[in-house]
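Here are the chains, one letter per residue:
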Amino acid sequence: QLQASGGGLVQAGESLRLSCAVSGSIISINDMGWYRQAQGKQRELVAAISRGGRNTYADSVKGRFTISRDNAKNTVYLQMNSLKPEDTAVYYCNAVGVVTLHSVGAYWGQGTLVTVSS
């Protein structure tokens, strides 16, 4: 189960930090990431990070957002700086290659709303 937190309402230029923890009897997690879906638009990748720390970012957030993870805590973070109104969306965390004693799978968090006012 993925539990995301940290969303909220901020003004343009401010910062937010999202967190997403994977619970359960986790042995390892391969890739973790954040996606977002704005109203009326398709879900898009924001940032992803491999177990070894390799990062991928959408062009629209490069230089403003930073993804990180704590493998010991099975948690992924998204530090969002210099937020813009166009960053307004529901943000979803994702975990791929989640290995437990009984399964390997991919999971989505429940989504957390980020609203940036101008």
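Refer to the preceding data block for the structure.
Procedures and definitions
- Residues numbered from 1 in each chain as written.
- Predicted model: local features only at pLDDT ≥ 70, side-chain atom pairs only at ≥ 80, totals over all residues.
- Heavy atoms only, no water.
- Disulfide = S-S within 2.5 Å.
- Helix = DSSP H or I, 4+ residues; strand = E, 2+ residues; numbered from the N terminus.
- Buried < 20%, exposed > 50% of the residue type's maximum accessible area, 1.4 Å probe, protein only.
- Pairing = 2+ DSSP bridges.

A. Spotlight on the state of the cysteines. Across all of its chains, the model carries 1 disulfide by this definition. Disulfide pairing is shown between C20 and C93; the S-S distance is 2.0 Å. The S-S bond linking C20 to C93 shows a torsion near 50 degrees; that makes this disulfide right-handed. You can see C20 sitting in strand β3 (residues 16-22) and its partner C93 sitting in strand β9 (residues 89-100), a full 73 residues away along the chain. Across the pair, C93 and C20 agree in class, each one buried.

B. The arrangement of the pairing of β3 in detail. Among the 7 residues of β3, 5 are classified as buried, and the element is accordingly described as predominantly covered. Strand direction decides the pairing type here: β3 and strand β8 (residues 75-80), joined by 6 bridges, are antiparallel. Considered in β8, the bridge of S19 is made with Y77.

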